[in-house]
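As a plain string of letters, each chain reads:
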Amino acid sequence: MSQQLDPDRKIEGSYIFTGPMSQKGYALNKLGASLVSDDARASFKADEDSYMERFELTETQKKLIRDRNWIGCVKGGANIYFLYKITSVFGDSLYKLGAKQAGMSYEEFLRTRKISGAT
Amino acid sequence: MSQQLDPDRKIEGSYIFTGPMSQKGYALNKLGASLVSDDARASFKADEDSYMERFELTETQKKLIRDRNWIGCVKGGANIYFLYKITSVFGDSLYKLGAKQAGMSYEEFLRTRKISGAT
Amino acid sequence: MGKIVAGIGTSHVPSIGVAYDKGQQKSEAWSPLFDAYEPVQKWLSEIKPDVAIITYNDHGCDFFFDKYPTFAIGAADKYPIGDEGFGMRQLPPVPGDTAFSWHLINELVYNEFDITVCQELKMEHGFLVPMNLCFSQEPSWPLKFVPLAVNVIQHPLPTAARCFKLGRAIRNAVEDYNDDFTVAIFGTGGMSHQLSGERFGYLNSEFDEWFLDQIEGDPSALISMTHQELMERAGVEAVELIMWLVMRGAMSDQVERIHRNYYVPMTTGMGLITLENVVP
Amino acid sequence: MGKIVAGIGTSHVPSIGVAYDKGQQKSEAWSPLFDAYEPVQKWLSEIKPDVAIITYNDHGCDFFFDKYPTFAIGAADKYPIGDEGFGMRQLPPVPGDTAFSWHLINELVYNEFDITVCQELKMEHGFLVPMNLCFSQEPSWPLKFVPLAVNVIQHPLPTAARCFKLGRAIRNAVEDYNDDFTVAIFGTGGMSHQLSGERFGYLNSEFDEWFLDQIEGDPSALISMTHQELMERAGVEAVELIMWLVMRGAMSDQVERIHRNYYVPMTTGMGLITLENVVP
Ligand SMILES: [Fe+3]
Ligand SMILES: [Fe+3]
């Protein structure tokens, strides 16, 4: 059996989306997965709390979203591609979402890139 | 490559549910797949035609249903398990559906069975 | 290391579920079936497996042809009951074992089985009938379950050989798991029957008895059988018998048969076989 | 017998789709990328493949973790454009080749690949970005497509070796098809990048250049690489580079490289390689 992940080699600043992580973040990801129409995005934006009610989020998960705590979401099993659909509704595009996870301002982040216009 | 089906050995009175059959009967099967709640079954029963409108059935497919032409459905790519959900709405249980395909009355069919009470 | 303690082949005819729900276990028509499972229930309550892996096929409760998987495995704590088109059966949700499911899925995928992983699955007759026959849900299900759904309805189906190899890989995954963990594995469906076409009602009891012989003594002829041959000899819908080979593949080459039954009241040969491994 | 006439590895970064839709192909930031694809478009318009098989991954447009497949293949005449969460791109539906899809699926399933068969699939950036880069849709798409989606987001992922073998099996299936039928096969995604966690923005251009060397000259080190190593060296989301091995497996052992490009403006190494078979 060729194991593909080595639990003894944690990759710094990384959270591998394994089965147990997927189970833990299931409600968060389901919320993300729902945001694939203008209507859904508009209702979420208009009333976050009642939109969240449709999914079985725990109080902790709701708080992560209310606090825009994206790195907390990732640690809690949000898959980056589904999380991205959530953060986009709040204006956090992929690179803003990334900068927040890394604890930088968007401008700081852009300064670390070669071509800051290629967004 | 071990081919599993032999196109030169047609099995009498049988229609193998292959890819092309599945493609052909797609709308019929999608209609069947929808009938998995009391509400859906009630609306279909109440107004067949407008229920059928929700799926992209061809005129031929609609006529097969209106005519309760179950063997025609099977020849047209209806999968037996999805067709069964359609026929059940019209009171044709699995064995009645079967008898009709075989061109027998239900009573005739039951007489060919060992234990006619085991339905 | 974990251990497979029981291998069970059994039919999953929907009318058995109806008879069960109506309490007809002791009726003249149904007692030859249900009575045969009483010693099986007793045997299983003595063996007490931690988990039962149930190889079954969806009949349009969970999957549609928009996205139809060859092999799908559940990874949930709980599997609710589904509506197959005839109303919801009044049964409690089925308990799952998420930790073991993920272990199994990991090992299978890394061993080149291309599993569709299901964190939501609804249970239907293909799964529930074997459960109803082999376990009592009073006061609650006595073990946890892993649903393993196989495509046996939209060709191309996995070959019989592939099903057998999947069983082998499942055995290896169980043996790689926690000490003292015990598993019962089920292959369900069949036996001979045909539901679609003018050939509706076709049966072949001789074939079924031969299949029961071979699954016990020497499955090699079953492993190399094509879908064509299986459908010709046993009926188009009987091709689902390939699922018994997942069970057989998970057992040792030599097995001891504990129970066997065959009853054919209506359109389907209702078969039962239970096996234990002969440790070499 | 059918023939694979082109093997293409290319990144599928979403911002490329945005730049494309905004007509920024000639902007300072984007021309180093788009310019590199002009000769590729020309080459492909000369080769004129009948079908392109695009190995890509869904990013939450078609699949959710309720039922997540390892390998999914489309079998439809037409694939509509999907909404990934950011609105619908104004692109015409993608034409499919149902007959070839079913042929391919048959051969793969009978050769023990456990495919999820999709008669409905919506197309998203993983698929559309490579199309936009390599073909012109004016006045209409010049060929048909087969989408092949690989799970590269929820572990366990298929191993790199399994992806390579899938490519081999695809080549055999193409060679078993109609005379004069020609296929381009794409592996998409990557190259180095990390989107999740505090390590966001991690890049490794040295790794990317080495990967481009190996995929051309000798993929064996890539085939035996674990997901762990790939993620350590190239970033967590870069593990999707295993999809390039499906493409490479479909090519002959020796290949001739036609184009190569590498550009890394932002968070992802944007790589391109095109290959032709060296007939032995
Ligand atoms: Fe079945
Ligand atoms: Fe991707």
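Structure's up top.
Predicted model, so just to flag it, every value in this text is computed and none were measured. (Residues numbered from 1 in each chain as written. Chains lettered and ligands numbered in written order. Predicted model: local features only at pLDDT ≥ 70, side-chain atom pairs only at ≥ 80, totals over all residues. Heavy atoms only, no water.)

Some thoughts on the overall build of chain A
Across its full length, chain A holds nine helices and zero strands. Its helices and strands in sequence order give chain A the pattern α-α-α-α-α-α-α-α-α, from N to C terminus. Expressed as lengths along the three principal axes of its C-alpha atoms, the size of chain A is roughly 40 × 40 × 25 Å. Among the 119 residues that make up chain A, the fraction classed as buried is 49%. Summed over all atoms, the accessible surface of chain A reaches about 5800 Å², with 50% contributed by carbon and sulfur. The average position of the 18 basic charges and that of the 15 acidic charges among the side chains of chain A differ by 5 Å. (Helix = DSSP H or I, 4+ residues; strand = E, 2+ residues; numbered from the N terminus. Buried < 20%, exposed > 50% of the residue type's maximum accessible area, 1.4 Å probe, protein only. Areas by Shrake-Rupley, 256 points an atom, 1.4 Å probe, with all protein chains shown as cover. Lys, Arg positive; Asp, Glu negative; His and termini not counted. Charge placed at Lys NZ, Arg CZ, Asp CG, Glu CD.)

What to know about the coordination of the iron ion (ligand 2)
Residue and element names in this part refer to chain D. The protein atoms donating to the iron ion (ligand 2) are His12 (NE2), Asn57 (OD1), His59 (NE2) and Glu240 (OE), with metal-donor distances spanning 2.0 to 2.4 Å. Coordination at the iron ion (ligand 2) comes from four donor atoms whose angles at the metal span 90 to 148°, giving a geometry best classed as irregular. Every donor residue of the iron ion (ligand 2) comes from the same chain, spaced as H-x44-N-x1-H-x180-E. In this pair, His12 is assigned in the loop between β1 (3-10) and α1 (14-21) and His59 in the loop between β2 (51-56) and β3 (71-74), connecting sequence segments 47 residues apart. (Donors = N, O, S within 2.8 Å, 3.2 Å for Na, K, Ca; no water. Tetrahedral: all angles 85-135°; square planar, octahedral: opposite > 155°, others 65-115°.)

Side note on the interface of chain A and chain D
Often, the extent of an interface is quoted as the loss of accessible area on bringing the components together. Listed by partner, the interface residues are 50 residues for chain A and 44 residues for chain D. Summing the contributions of chain A and of chain D, the shared interface buries around 4000 Å²; its carbon and sulfur component is 62%. Across the chain A-chain D interface, the total number found is three salt bridges. Across the pair Arg41 of chain A and Asp83 of chain D runs a salt bridge, and its minimum N-O distance is 2.8 Å. Our enumeration of links across chain A and chain D arrives at 24 residue pairs in polar contact (both at pLDDT 80 or more). In terms of residue class, the side of chain A that touches chain D is built from 23 nonpolar, 17 polar and 10 charged. (Contact = heavy atoms within 4.5 Å. Buried area = accessible area lost by both parts, 1.4 Å probe. Salt bridge = Lys/Arg side-chain N within 4 Å of Asp/Glu carboxyl O. Polar contact = N/O pair within 3.5 Å; in protein donor to acceptor, adjacent residues only side chain to side chain. Nonpolar A, V, L, I, M, F, W, Y, C, P; charged D, E, K, R; others polar.)

Here's the deal with helix α8 (residues 227-234) of chain C
Along α8 of chain C, six of the eight residues are buried, which leaves the element largely enclosed by surrounding structure. Turning to α8 of chain C, its buried residues are His227, Gln228, Leu230, Met231, Glu232 and Ala234 of chain C. Those residues of α8 of chain C hidden inside the fold are in contact with α5 (160-175), α6 (205-217) and α9 (242-250) of chain C together with α3 (98-110) of chain D. Positioned one or two residues after α8 of chain C, Gly235 of chain C has a phi angle of 105°, which is positive.

Notes on the coordination of the iron ion (ligand 1)
Coordination of the iron ion (ligand 1) by the protein involves His12 of chain C (NE2), Asn57 of chain C (OD1), His59 of chain C (NE2) and Glu240 of chain C (OE), with metal-donor separations of 2.0 to 2.4 Å. One chain supplies every donor to the iron ion (ligand 1), and in sequence these donors are spaced H-x44-N-x1-H-x180-E.

Considerations on the nonpolar core
Ranked by internal contacts, the top residues of the largest apolar core, which has 148 residues, are Ile53, Phe100, Phe145 and Ile170 of chain C. Counting residues per element, this core draws most heavily on α5 of chain C, which supplies eight residues. In this view, Ile170 of chain C contacts Ile53, Leu104, Leu108, Leu148, Ile185 and Val246 of chain C; residues no more than four positions away in its chain are not counted. The next biggest cluster of nonpolar side chains, apart from the first, holds 146 residues, and it includes Val13, Leu104, Leu121 and Tyr262 of chain D. (Core = buried A, V, L, I, M, F, W, Y, C linked by side-chain atoms within 4.5 Å.)

Some thoughts on the side chain of Arg41 of chain B
Looking at the element boundaries, Arg41 of chain B is found in helix α3 (residues 38-46). A distance of 3.3 Å separates a polar side-chain atom of Arg41 of chain B from the backbone oxygen of Gly85 of chain C. Ignoring any residue separated from it by four or fewer positions in sequence, one finds Arg41 of chain B in contact with Leu35, Val36 and Val89 of chain B together with Asp83, Gly85, Phe86 and Gly87 of chain C.

Let's talk about the interface of chain C and chain A
Taken together, the contact between chain C and chain A spans eight residues of the former and 11 residues of the latter. Both faces combined, the contact of chain C with chain A buries some 890 Å², and carbon together with sulfur accounts for 50% of it. The tally of links between chain C and chain A comes to one salt bridge. Measuring nitrogen to oxygen at the nearest pair gives 2.6 Å for the salt bridge that ties Lys30 of chain A to Glu120 of chain C.

Concerning the packing of helix α7 (residues 80-89) of chain A against helix α8 (residues 94-102) of chain A
For any two helices packed against each other, the geometry is given by the interaxial angle and the distance between the axes. Residue and element names in this part refer to chain A. Relative to each other, α7 and α8 sit at 105°, their axes nearing to 10 Å. Comparing their axes, α8 and α7 come out roughly perpendicular. Only Leu94, Leu97 and Gln101 of α8 make contact with α7, whose side of the interface consists of Ile80, Leu83, Tyr84 and Thr87. (Axes fitted to C-alpha atoms, helices over the stretch in contact; angles between N-to-C directions. Parallel < 35°, antiparallel > 145°, perpendicular 65-115°, else oblique.)

A few points about the packing of aromatic side chains
Scanning all chains against the criterion turns up 52 aromatic pairs over all chains. Note on Trp141 of chain D and Phe145 of chain D: the rings are 6.1 Å apart at their centroids and 85° apart in plane angle, and the pair reads as edge-to-face. This pair shows no difference in class: Trp141 of chain D is buried, exactly as Phe145 of chain D is. Aromatic rings pair up to connect Phe17, Tyr26 and Phe82 of chain A together with Phe63, Phe64, Phe65 and Tyr68 of chain D into one cluster. (Phe/Tyr/Trp six-rings, centres within 6.5 Å; stacked < 30°, edge-to-face > 60°.)

Description of the sheet that holds β3 of chain D
Residue and element names in this part refer to chain D. Across the sheet, eight strands lie side by side as β6-β3-β7-β2-β8-β1-β10-β9; this open sheet has mixed pairing. The sheet terminates laterally at β6 (116-118) and β9 (255-263), the two strands that pair on one side only. Within the sheet, the average angular offset between the axes of one strand and its neighbour, ignoring direction, is 15°. As defined by bridge partners, β1 adjoins strand β10 (residues 270-277) across four bridges and the pair is classed as antiparallel. Note that in β10 the partner of Ile8 across the bridge is Thr274. Along the sheet, helix α6 (residues 205-217) contacts β9 and β10; its crossing angle with β9, the most-contacted strand, is approximately 165°. (Pairing = 2+ DSSP bridges.)

Structural notes on the sheet that holds strand β9 (residues 255-263) of chain C
Residue and element names in this part refer to chain C. If you trace the eight strands from one edge of the open sheet to the other, you get β6-β3-β7-β2-β8-β1-β10-β9, paired in mixed fashion. Sheet topology places β6 (116-118) and β9 at the edges, where each strand pairs with a single neighbour. The sheet shows a mean angle of 15° between the axes of neighbouring strands, taken without regard to direction. Across eight bridges, β9 lies against strand β10 (residues 270-277) in antiparallel orientation. Bridging from a neighbouring strand, Asn261 pairs with Leu272 of β10.

Some points on the pattern of salt bridges
Taken as a whole and assessed by the stated rule, the structure comprises 52 salt bridges over all chains. Between Arg233 of chain C and Glu229 of chain C there is a salt bridge; the shortest N-O distance is 2.9 Å. With Arg233 of chain C and Glu229 of chain C both in helix α8 and four residues apart, the pair spans about one turn of that helix. Counted as one network, the salt bridges with shared partners bring together Asp49, Glu53, Glu59, Lys62 and Arg66 of chain A.

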